[in-house]
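Listed below are the residues making up each chain.
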Number of protein chains: 2
Amino acid sequence: MNRFMKIAVKEALNGIKNKEGGPFGAVVVKDGEVVAVGHNKVIATNDPTNHAEIVAIRTATEKLGRFDLSDCEIYTTCEPCPMCYSAIHWAKIPVMYYGATRSDAERVGFDDKYLYDVLTGLKKDEKLRSEQIERDECLVPFEIYDKDQNKTLY
Amino acid sequence: MNRFMKIAVKEALNGIKNKEGGPFGAVVVKDGEVVAVGHNKVIATNDPTNHAEIVAIRTATEKLGRFDLSDCEIYTTCEPCPMCYSAIHWAKIPVMYYGATRSDAERVGFDDKYLYDVLTGLKKDEKLRSEQIERDECLVPFEIYDKDQNKTLY
């Protein structure tokens, strides 16, 4: 078995053994070495964003002292939900290996597939009502930011 | 102007004044009162997941001591990226008000629209290569989790 995925599975098993959250684990790898591991901690931390991939990415960026993980790869026991897929993007990670799928996650009670279906337009989001207001006022920070010549891009 | 969006805009302005990250702010509201505010802190914390909505949701769940924000609303100065849209879903927030759009964000240099286009299938993701491996081994934690009768659902 792939040695990094083996570590990710072990993380997932540890997480559920201690009732910390869902059965998910992830590992961030750089130059063939583990930089950070993570498992789902939604229950343990009361934080709905603490999915395995987010935990591993946050730990990796903290360890490396930079928000850019473009020299890393991520291994995750399940296809990332859209939150985690996007987090991988924002971290600039270029390669991802995943094990189970969004449908496997759905079968054990998670909304990953629902969210993908909403975002791909296959389904109307019945759980979140959205309304646009005050666009003009909200654009003010954008304009100031856009003119700032000394900003750090990310 | 809507009083909660006004606070969100102020948050965004504070964030860029201090060069903490992008020009985004968010507010979580419960029963007409502010529970938590947040602005983008990607640069300040070296954390690519520290978007305004995530910061506000994490602060709110910490404050309330629960991962379920189904009695809250969120105000955000920009249409959430797919990471934040999904985080709002995972936090079970049923109502969202947003100001600027994914295209406004794109105009000042952010990949929000790119990510939506990838997730909706309009665009192939040229920035992340994905590969499925070791599904069977990754399903083992799922099976254990599925059989656990005493787990906390989220």
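Everything that follows concerns the structure shown earlier in this document.
Conventions adopted
- Residues numbered from 1 in each chain as written.
- Chains lettered and ligands numbered in written order.
- Predicted model: local features only at pLDDT ≥ 70, side-chain atom pairs only at ≥ 80, totals over all residues.
- Heavy atoms only, no water.
- Patch = residues over 30% accessible without salt bridge, like charges linked within 9 Å, V, L, I, M, F, W, Y side chains within 5 Å.
- Areas by Shrake-Rupley, 256 points an atom, 1.4 Å probe, with all protein chains shown as cover.
- Salt bridge = Lys/Arg side-chain N within 4 Å of Asp/Glu carboxyl O.
- Lys, Arg positive; Asp, Glu negative; His and termini not counted.
- Charge placed at Lys NZ, Arg CZ, Asp CG, Glu CD.
- Helix = DSSP H or I, 4+ residues; strand = E, 2+ residues; numbered from the N terminus.
- Buried < 20%, exposed > 50% of the residue type's maximum accessible area, 1.4 Å probe, protein only.
- Contact = heavy atoms within 4.5 Å.
- Buried area = accessible area lost by both parts, 1.4 Å probe.
- Polar contact = N/O pair within 3.5 Å; in protein donor to acceptor, adjacent residues only side chain to side chain.
- Nonpolar A, V, L, I, M, F, W, Y, C, P; charged D, E, K, R; others polar.

Moving on, we come to a negative patch on the surface. Residue and element names in this part refer to chain A. A grouping of Asp136, Glu137, Glu143 and Asp146 is seen on the molecular surface, where their side chains present a negatively charged patch. Within the element layout of this structure, Asp136 appears in helix H7 (residues 135-147). Taking relative accessible area as the criterion, Asp136 reaches 60% and is therefore assigned exposed.

What follows covers the pattern of salt bridges. Any two side chains of opposite charge can pair, given that their charged atoms come close. Per the counting criterion, the structure on display carries 22 salt bridges over all chains. Note that Lys123(A) and Asp117(A) form a salt bridge whose closest N and O atoms lie 3.8 Å from each other. By relative accessible area, Lys123(A) is classed as partly exposed at 39%. One salt bridge in this structure joins Arg135(A) and Asp104(B), with 2.7 Å as the shortest N-O distance. Separated into two different chains, Arg135(A) in helix H7 and Asp104(B) in helix H5 (residues 102-107) make up a pair that spans both. For Arg135(A), a relative accessible area of 33% corresponds to the partly exposed category.

The next point concerns the interface of chain A and chain B. The interface of chain A with chain B comprises 86 residues on the first partner and 86 residues on the second. Across the chain A to chain B interface the summed buried area is about 7800 Å²; carbon plus sulfur atoms make up 66%. Sorting the residues of chain A by area buried against chain B places Trp90(A), Phe142(A) and Tyr154(A) first, and these three jointly supply 11% of that buried surface. For the pair chain A and chain B, the number of links is six salt bridges. The shortest N-O distance in the salt bridge between Lys19(B) and Asp148(A) comes to 2.6 Å. Along the contact surface separating chain A from chain B lie 38 residue pairs in polar contact (both at pLDDT 80 or more). When residues of the side of chain A that touches chain B are assigned to their parent elements, the largest contribution, nine residues, is made by H7(A). For the side of chain A that touches chain B, the residue count by class is 48 nonpolar, 20 polar and 18 charged.

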